[in-house]
2 protein chains.
Amino acid sequence: MTEAGCAAWGAVATLARQPGAAGIRRLLEADPQRAGRFGFRAAGLLLDLSRTSLTDPVLAALLALGEARGVARFRDAMAAGQPVNGTEGRAALHMALRAPAGGFHVGDEDASATVRSTLDAMAGFVRGVHGGQILGAGGDRFTDVVNIGIGGSDLGPAMVTRALWRHGMPMRAHYLANVDAHAWEALRPQLDPRRTLVLVASKTFTTQETMTNAKLVRDWLAQALGEQGLGEHAVAAHLAALSTNLPATAAFGIAPDRVFGFRDWVGGRFSLWSAVGLSIALACGLEAFAGLLAGAREMDDHFLAAPPEANLPMLLAATEVWHVNFLGYGARAVLPYDERLSRFAAHLQQLEMESLGKRVTNAGLPVGHATGPVVFGEPGTNAQHSFLQLIHQGTTPVPVDFVLVARPDHAHPASHRILLANALAQAEALARGRTEAEARAEMARAKLPPEEIDRLAPHRTFPGDRPSTSILLPALTPATLGALVALYEHKVACLGAYWDINPFDQWGVELGKQLASGILPALEGGATAPDAATAAGTQDAATAAGTQDAATAAGTQDAATAAMIAEIRRLQAG
Amino acid sequence: MTEAGCAAWGAVATLARQPGAAGIRRLLEADPQRAGRFGFRAAGLLLDLSRTSLTDPVLAALLALGEARGVARFRDAMAAGQPVNGTEGRAALHMALRAPAGGFHVGDEDASATVRSTLDAMAGFVRGVHGGQILGAGGDRFTDVVNIGIGGSDLGPAMVTRALWRHGMPMRAHYLANVDAHAWEALRPQLDPRRTLVLVASKTFTTQETMTNAKLVRDWLAQALGEQGLGEHAVAAHLAALSTNLPATAAFGIAPDRVFGFRDWVGGRFSLWSAVGLSIALACGLEAFAGLLAGAREMDDHFLAAPPEANLPMLLAATEVWHVNFLGYGARAVLPYDERLSRFAAHLQQLEMESLGKRVTNAGLPVGHATGPVVFGEPGTNAQHSFLQLIHQGTTPVPVDFVLVARPDHAHPASHRILLANALAQAEALARGRTEAEARAEMARAKLPPEEIDRLAPHRTFPGDRPSTSILLPALTPATLGALVALYEHKVACLGAYWDINPFDQWGVELGKQLASGILPALEGGATAPDAATAAGTQDAATAAGTQDAATAAGTQDAATAAMIAEIRRLQAG
């Protein structure tokens, strides 16, 4: 860390060491204007940071730390198309995807022009499908789209479609990600092959899970369409690809004009705005997709222009640094109070944990502090009847992100009021808690016997001072959703700068992939390993050597893997 | 803590302080028999603890701690129907649900007889529905069942049905939990009211979310059936309840012979085996439900009889104590490598976090150590393309529970081998890691230029020594699923004893509920609070008083809640 960075870090640490620095309740009680002063707006969203332990000096110190760590510089380098993804030597210009006329460049490439051309091609395809010019091999209109992809080629579009799709929209969308064929077997009976359009989403067109599933689905199409007397070329009418590997997509049987690409400056977890979002446009319509981009762009404009003290992504990042590095909170819960956002937490889980789960700095030195926290969540109110117990009364605070939507898209206002009342109440309960004296007074009012009050008071006490942030959306529209997702994308970038880690690579994925290819042959058969089969679960010394042999046979030196393989093969055989 | 407890705790702590106590790789390398010695079997399941840092002395010390903390005594008290849920003065006898002839008693009550009688009534109802003796008001067979419940009345049955349901089974099941009416609006178009059976699952029949949704669905039934000329009593033919409140269910219009009860010794998150599981039996068949109970019972028998050193729930609990209390790991990931188990992590999240997220002991004193960790997860291989980056290369280890299934229920063996190879590879990669020297050697073999190797080596290094447990199921059947869920239920009970907390209450749920009822009127209208509306997001001192007035009007003293309410109402109005 630079000298300025160390000093700025120390300044925050000094504030964090002051007695009661994690207190929230007293801040709320002392300052009735706190909600106004810690409420921030952009792109139609209201971000409420009042239920954290941030104070004016703490926030100022955190933003000074951000300045010292180069948060704004990093943002500007991103926007300028510089290779901010240092280990891979790439730009991270997902902002260009939302700004088709925005003038973004990567070196000599006019990124905006690339984006415009892909969006035009996507729009032409979507119009053709919706308008009935692009049909199945038997002349049927497409009713269903299956997106085959995993990780960044799955979670973003799946989350958005879940959020925006309503009965009556142009097509139904399905997402096939897991290489577990049970996923495909559950989906298959829902599909009419004559009316199903399949998108294969893999930048390299080599992702093992995606290609395995794509072949299963292509075989199904070939057989089903063949049985209906449609020729061997029929399948091609049902396929498209979201990829950059033209030779491989062609070899798979996908026509070049059905291949929609994206550049290496679009990372998987930032790609739903690119061709990877084609299923969104097909399912929800081009207008929805355009609205999504427009909302994100509004957040981009804010992120690029607003000063740190009013910049929502920077403020959210500063809050996370406070919680993770200075208060020691290692996990964060995401609770959208909207059933349509039921996969929002899963999307953020990827976006944040894959981006920020790093242990070395950009220069390759061990970071000297915690980086990305665990992120998890479920929609409210469901979560209240599940894990919120721990967040209220567990031994370690878990900050919560609440997402609230003011206006529903249904005609059940009473339900919506109950929903919102619960969201507000949880935030209040976490921050204020209930002292033992309050718990006792309440039980006394309910006329509980004194010994019962003594016994229960500690269990009915809530420590309070548990932080949350709330984001209020006027309604859940493509635009507000786009702004919301972009807010978190930029927060992640800011945290990359705060922590001097690369938020755009994911080297942690490669080792497991390599080992899997070594293990696969052992599961495929060849010499069985009866000794190892016995060794699993026994204490028989004589079998140890057999286990080691099996380990070698399995393409690994690891006896534990070999033992499991032997046990799996035993179970599969019997 | 007792003196013996303190000594036993200290003994584990001493082992944890030894250099390299968290090491795993060296243990695997030093002992090729480790997988055999740390593999444990019960009820058809294999539990592999070899990829943790447990050693023989550590495990012995942890089990001695369990002995000192009364784990086996607590188990026996549970089985004897004693009020192990101390704060509520209740037994926790979910084991009786799996043992209709098992001789369980709660005081004078023959719990087994109660269970048998409910199971008989459920079976009669299910047979009637499946056999066509119990029909919709218009004489139609029921094809769909909607379970309306939340938390324990939702997650368990929803998880099980997701796991076991296959195309062609008796009925389709749907789960409506969230009070957000968007959930109902998404479900409604999928249902034919003439063929839809609705279960209202709420023990007290007062759960706000459930009753709100139940009324929406009842209104829909009444209107839809009415439009088809079926009389006003038609709705009753489509309703049943999983509840103990007979007056309330009757008032709701549900006939007494359609109400299936369960006793207060069945906690919500342990209730899927009770009447709360009726949707499982309706959707998947009675045989599947019976298989589920039988598998759980097999695990119960094991739990009750096996010595600690071979007792899977006790071993799993000991492992968690090691990770949480002695190594300081505050979160755990659950990764089932089976798409059908896609809600398994959500079920465990409730089961574990609601049970173990406690801060005071049974006697009401602050616990002096961490309790339940954060639990989260998604199916593999999906998780590999999402948050596993952090688990491989983040700054804090996150123990992983892998669940593997040897034999699939489909005819795509190649997919299944890839799936299993990935699961095994992840466990191996987490434990072994990759040293910087190994990373460098590998890049040298790939002929990367030296400066590239220098630059990338730290990023391609994996620290290893990241713990995981693996549970191998021969196949995913009702019986193995039952055993798996029961394993975790008992693990939770053991941890309650280890930590001297009550794993069966959930007082942390009540404060938010109370505050919500205070906030609700302010969202319903009445006097608007224009000043507070302005105050939200402004720095205007003059509006502070208005915010406070609004706070009072909102039935809360909290200005932050009042400001949000004002903003919501402003957005709803405009």
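The present account deals with the structure reproduced in this document. Bear in mind the structure is a predicted one, so any value in this text is a computation, not a measurement. Here the residue numbering is sequential within each chain, running from 1 through the sequence in written order. The order in which chains are written sets their letters, starting at A; the order in which ligands are written sets their numbers, starting at 1. With the structure being a predicted model, the display of local features is reserved for residues of pLDDT at least 70 and the display and counting of side-chain atom pairs for 80 or more, all residues being used for whole-chain, interface and lining totals. The basis for the side-chain values is all heavy atoms of the structure; hydrogens and waters are excluded.

### A closer look at the environment of Thr319 of chain A
Residue and element names in this part refer to chain A.
At step 1: Here a helix means four or more residues in a row that DSSP labels H or I, a strand means two or more in a row labelled E, and each is numbered from the N terminus. For Thr319, the location among the structural elements is in helix H14 (residues 312–326).
At step 2: As a C-alpha pair, Thr319 and Thr469 span 150 residues in sequence and 9.0 Å in three-dimensional space.
At step 3: The contact criterion used throughout is that any non-hydrogen atoms of two residues lie within 4.5 Å. Setting aside anything within four residues of it in sequence, one finds Thr319 in contact with Leu49, Thr52, Leu54 and Thr469.

### Examining unusual backbone geometry
Glycine aside, a negative phi is what most residues show, and trans is what most peptide bonds show.
Residue and element names in this part refer to chain A.
At step 1: At the junction of Gly380 and Thr381, the peptide bond is cis and its omega measures out at 10 degrees in the coordinates.
At step 2: Position of Thr381 among the secondary structure elements: in the loop between strand E11 (374–376) and helix H16 (388–393).
At step 3: For Lys447, which is not glycine, the phi torsion reads 60 degrees and is therefore positive.
At step 4: As for its placement among the helices and strands, Lys447 is situated in the loop between helix H18 (436–445) and helix H19 (450–456).

### With respect to the interface of chain A and chain B
By a widespread convention, an interface's size corresponds to the accessible area lost as its parts come together.
At step 1: With 150 residues of chain A at the interface, the matching set in chain B holds 150 residues.
At step 2: The term buried area means the drop in 1.4 Å probe accessible area that two parts suffer when joined, counted for both and summed. A buried area of about 12,600 Å², summed over both sides, lies between chain A and chain B, and 62% of it is on carbon and sulfur atoms.
At step 3: When a carboxyl oxygen of Asp or Glu is within 4 Å of a side-chain nitrogen of Lys or Arg, the pair counts as a salt bridge. The residue Arg41 of chain B makes a salt bridge to Glu567 of chain A at a minimum N-O spacing of 2.9 Å.
At step 4: By residue number, the principal contributor to the side of chain A that touches chain B is helix H17 (residues 413–432) of chain A, which donates 14 residues.
At step 5: A per-class count over the side of chain A that touches chain B returns 61 nonpolar, 58 polar and 31 charged. Any residue that is not Ala, Val, Leu, Ile, Met, Phe, Trp, Tyr, Cys, Pro, Asp, Glu, Lys or Arg is counted as polar, Gly included; the first ten are nonpolar and the last four charged.

### So, the side chain of Arg466 of chain A
Residue and element names in this part refer to chain A.
At step 1: Here Arg466 is to be found in the loop between H19 and strand E13 (468–475).
At step 2: Using a 1.4 Å probe on the protein chains alone, a residue whose accessible area is under 20% of its type maximum counts as buried, one over 50% counts as exposed, and one in between counts as partly exposed. His is not counted, nor are the chain ends, whereas Lys and Arg count as positive and Asp and Glu as negative. Asp465 is the oppositely charged side chain nearest to the buried, salt-bridge-free Arg466, at an N-O distance of 8.3 Å.
At step 3: Engagement of the side chain of Arg466 in a polar contact is seen with the backbone oxygen of Ile391, the distance being 3.0 Å.
At step 4: What Arg466 contacts, discounting residues up to four positions off in sequence, is Ile24, Arg51, Leu390, Ile391, His392, Gln393, Gly394, Thr395, Thr396, Pro397, Leu430 and Ala431. The definition of a polar contact used here is a pair of N or O atoms within 3.5 Å, where within protein one atom must be able to donate a hydrogen and the other to accept one, and adjacent residues in sequence count solely through side-chain atom pairs.

### Regarding the sheet that holds strand E12 (residues 400–407) of chain B
Adjacent strands of a sheet pair through backbone hydrogen bonds, lying either parallel or antiparallel.
All names here are of chain B.
At step 1: The pairing criterion is simple: DSSP has to find at least two bridges between the two strands. With mixed pairing, the 6 strands of this open sheet are ordered in space as E1-E2-E13-E12-E10-E11. Lying at the two open borders of the sheet, with one neighbouring strand each, are strand E1 (39–42) and strand E11 (374–376). Geometrically, the sheet is characterised by an average inter-axis angle of 20 degrees between neighbouring strands, direction not taken into account.
At step 2: Of the strand pairs in this sheet, strand E10 (residues 331–336) and E12 are connected by 4 bridges, and their pairing is parallel. Each residue of the ladder has a partner; that of Pro336, found in E12, is Val403. Lines are fitted to the C-alpha atoms to define the axes, a helix being fitted only along its stretch in contact, and any angle between axes, read from their N-to-C directions, falls within 0 to 180 degrees.

### Comments concerning the nonpolar core
At step 1: Joining through side-chain atoms within 4.5 Å is the link that ties buried Ala, Val, Leu, Ile, Met, Phe, Trp, Tyr and Cys residues into a set, and such a set is a nonpolar core. Counting residues in each nonpolar core, the largest one holds 322 residues, and the members touching the most others are Phe376 and Leu481 of chain A together with Phe376 and Leu481 of chain B.
At step 2: Membership of the second largest hydrophobic core comes to 26 residues, among which are Ala214, Trp220, Leu239 and Ile254 of chain A.

### Focus on the environment of His347 of chain A
At step 1: As for its position among the elements, His347 of chain A is in helix H15 (residues 344–356).
At step 2: Linking His347 of chain A and Leu520 of chain A, residues 173 residues apart in sequence, is a C-alpha distance of 29 Å.

### Quick word on the relation of the copies chain A and chain B
At step 1: Once turned by 180 degrees and shifted 0.0 Å along the axis, chain A lies on chain B with an RMSD of 0.0 Å. What the rotation and shift describe, once combined, is the action of a two-fold rotation axis. Among all C-alpha atoms of chain A, that of Phe376 of chain A lies closest to the rotation axis, at 3.1 Å.
At step 2: Taken together, the interface assignments show that 100% of the residues at the interface of chain A recur at the interface of chain B, consistent with an identical surface on both copies. Superposition of the copies was done by least squares, using only C-alpha atoms of residues whose pLDDT is at least 70 in both.

### What to know about the sheet that holds strand E5 (residues 144–148) of chain A
Residues and elements named next belong to chain A.
At step 1: One open sheet accounts for 5 strands, arranged E6-E5-E7-E8-E9; its pairing is parallel. A strand with exactly one partner marks an edge of an open sheet, and here the two such strands are strand E6 (172–176) and strand E9 (259–260).
At step 2: Across the face of the sheet, helix H10 (residues 208–227) comes into contact with E5, E6, strand E7 (196–201) and strand E8 (239–242) while running at roughly 160 degrees to E7.

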